[in-house]
Amino acid sequence: MNAAASIDDVLAGLNPQQRQAATFGNEPLLIVAGAGTGKTATLVHRVAWLIAQGIEPGRILLLTFTRRAAAEMLHRADGLLRQLRHPGTTRVWGGTYHAIATRLLRRYGKAIGLPPEFTVHDRADSEDLLNVVRTELNLAKTDKRFPKKGTCMSIYSRCVNARQKLEQVLADSYPWCNGWKEELGRLFDAYVDRKEAASVLDYDDLLLYWDALLADSQAGQTVCKLFDCVLVDEYQDTNALQADILYKLCPEGKGLTVVGDDAQSIYAFRAATVRNILDFPKYYPNASLVALEQNYRSTQPILQAANQVIAQAKERFTKNLWSQRAEGERPLLVHCEDDADQAEFIIHRILEHRETGVELRRQAVLFRASHHSILLEAELARASIPFHKFGGLKFVETAHVKDLLAFLRLAENPRDVVAGMRLLPLLPGIGPGKSQQLMLMLQQAGGDFSTWSAWKPPAGAATVWPKFVGLLQGLVRTPDDLPAQVNRVRKFYGPLMETKYDRIEPRLRDLEQIELIASRYPGRRQMLLELTLDPPSSTQDLAGPPLLDDDYLVLSTIHSAKGLEWDVVYVIHAADGNIPSDMATRNPLEIEEELRLFYVALTRAKNHLYVCYPLRYYHSRYGDQHSYAQLTRFLPNHVLTCFAQRVTGPDGEEAEGDDSDSASIDAHTTSRAVRRQTKDLWD
DNA sequence: CTGTTGAAATTTTTT
DNA sequence: ATTTCAACAG
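Note that the coordinates shown come from a computational prediction; the quantities given were computed from them, not determined experimentally. (Residues numbered from 1 in each chain as written. Chains lettered and ligands numbered in written order. Predicted model: local features only at pLDDT ≥ 70, side-chain atom pairs only at ≥ 80, totals over all residues. Heavy atoms only, no water.)

Asks: Would you take a moment to explain the nonpolar core for this structure?
Replies: Taken as a class, soluble globular proteins show a tendency for nonpolar side chains to be buried jointly. Counting 66 residues, the largest nonpolar core has Ile 155, Leu 184, Trp 210, Val 230 and Leu 246 as the members making the most contacts within it. Broken down by element, the residue count for this core peaks at 7 residues, all from helix H5 (residues 97-108). Sequence-distant contacts of Trp 210, defined by excluding residues within four places in its chain, comprise Leu 63, Tyr 97, Ile 100, Ala 101, Leu 104, Leu 105, Asp 205, Val 223, Ile 245 and Leu 249. One finds Ala 272, Ile 310, Phe 634 and Leu 640 within the second-largest nonpolar core, a separate group that totals 49 residues. (Core = buried A, V, L, I, M, F, W, Y, C linked by side-chain atoms within 4.5 Å. Buried < 20%, exposed > 50% of the residue type's maximum accessible area, 1.4 Å probe, protein only. Helix = DSSP H or I, 4+ residues; strand = E, 2+ residues; numbered from the N terminus. Contact = heavy atoms within 4.5 Å.)

Asks: Even after reading the chapter, I still don't get the packing of helix H7 (residues 149-162) against helix H9 (residues 181-197), so can you show me in this structure?
Replies: Two numbers describe a pair of packed helices, the interaxial angle and the distance between the axes. For the pair H7 and H9, interaxial distance at closest approach is 11 Å and the crossing angle is 80 degrees. It follows that H7 is roughly perpendicular to H9 by the angle criterion. In this structure, H7 contributes Cys 152, Met 153, Ile 155 and Tyr 156 to the contact, and H9 contributes Leu 184, Leu 187, Phe 188, Tyr 191, Val 192 and Lys 195. Here the contact of H7 with H9 is built from residues that sort into 9 nonpolar, no polar and 1 charged. (Axes fitted to C-alpha atoms, helices over the stretch in contact; angles between N-to-C directions. Parallel < 35°, antiparallel > 145°, perpendicular 65-115°, else oblique. Nonpolar A, V, L, I, M, F, W, Y, C, P; charged D, E, K, R; others polar.)

Asks: It is not clear to me how the sheet that holds strand S7 (residues 256-260) should be interpreted in this structure. Could you clarify?
Replies: Read across the sheet, 6 strands follow the order S3-S2-S6-S7-S1-S8 without closing on themselves; strand pairing throughout is parallel. Every interior strand has two partners, whereas the edge strands, strand S3 (93-95) and strand S8 (288-292), have only one. Across the sheet, the mean angle from the axis of one strand to that of its neighbour is 10 degrees, orientation sign disregarded. Relative to strand S6 (residues 229-232), strand S2 (residues 60-63) runs parallel, the two sharing 4 bridges. Bridge pairing links Leu 63 to Val 232 in S6. Packed on one face of the sheet, helix H3 (residues 39-52) meets strand S1 (29-33), S2, S6, S7 and S8 and runs near 170 degrees to S6. In the packing of H5 onto the sheet, contacts are made with S2, S3 and S6, and the angle to S3 comes to roughly 135 degrees. (Pairing = 2+ DSSP bridges.)

Here it is, written out as structure tokens:
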């Protein structure tokens, strides 16, 4: 056995700035860390250093953007601590704001009148409840169209998270809803009442109640005293409410460390604000700032391109990243004929890279919107290239999975109207009207399902009804053996599902999956909670950790690629309208955010970077009509000098491209479309 | 009150 | 392509 390492040995791998940050004292600290500058390593070392200094692990709070990030950091910190012969990080509080809020509220929520058995609604559930209220208030049928539930929810959520008045939110972000101010106010009032009556919290409530808990003179003290150190990752993507929570949690910033990069702020749509990081020194006058600018990830040519792209941003804190990895080729801008051509080019390149030893898992395809990869997914399947998609619609968000989970949720919390309103209409002869009536009955009976036994169902439901009630009663009686519970629900719901959907085979398999993963959770409540707070981000997550020799390509939305890196990165659909998204070009602020998003995509690449865009988009609705795309506005000519360029041929073969000189393209390209398109490059 | 049908509107990123 | 809404038949 080797002797235990000293803390200096452990810190030896860090550069001076990183070390300064990792070993900084108790005053508030802002670490501005550009992409790939070893931000995670710094944070991990700081955790290890704090513990080595004698801070009790259970008194450290690590707030991250995803649970996965928290787990990875703590795992790495454990590795460092093992070198020091230290027991490790098991008791560190790590997780997202929402997950931590849940833990604290279960324990201390009583102090502010929150029953400890509350359940949590995800975004879709919240929208459903809001919709219930919307119809009750007769807002659904008005002479002019009232905003839809999704829009209402977004407005509500922005008010809460940005801590802004409805009036202001409407003026700033939803001008077309301006005429409904009074109605929206009534709607939100009623919505809040309903949540309270059902003992249900939505995502925003988790933060609101945490904040309220801290504001309470007694409970607030208790919670504050739990932690000596609070470390916050991805601070540029926190919102005003989250900043308030930190402010209360760490009076005068004592023990507070935040890490972020204003150039990578991409969650404004969720009310995150760059102001949190930009104004940190104002909030905490005794704060220190450490900037990390040496990039260890990418080659200099890739970095140069990324720097040029982000240089177009209007307001920035900082900073030009530099790398010692001068070698390497320029990123390649690929002009493709159409979507199919783009897919073909990428598959070709993926296989080429794999032949030279870059495993699939070291390569990633990134895109703006989840549906941008549909065609590529089909082609990958055809080429037998395994892949793993992150982002987009989650497994637990599909209708049949939600149905199944609704059984468990209703058993867990009989006052959960959304779960009930989802389940009851599944039965024949029962629609929204009867469902509402039944939920009212249940509520008056104090959540005792036997009140439903006495109810006389319509003829169509005569046989299923007793079984349905029996099932729920059984679930309430035996909350322990989770897989068995899921199995019983599956037996009941399976046949029902067959009458509701076609193509049921894959859906039936999904239900089996749930039964399998159920055994991983200690109980029903934990499973429901974890599935709403941290839904598996891809179907493969459900199958458990992938086998070691299992090699798969990564497909991901740019948002879900945050914080990750790959040897080879392909950014696809880099056409104006997709990047930036047409949906996000209403005001300059949104466009700025799209620019940062593009920057995030580019800076994921270590050695090879491809940016592809199809010249032609087909519109299935009108036969074979198509339109021509413009290259993303974020690559104007002066930025293009950082790229090599290539044009692919109509049949997917790569035509001769000019790889050596700046923004010029070979004139002998046969496609008229290409020529029309390239004209813009010289403007 | 339920369930079906057809027409109309909307279309992103996520805890 | 998918979701939402209104109209109508049982």
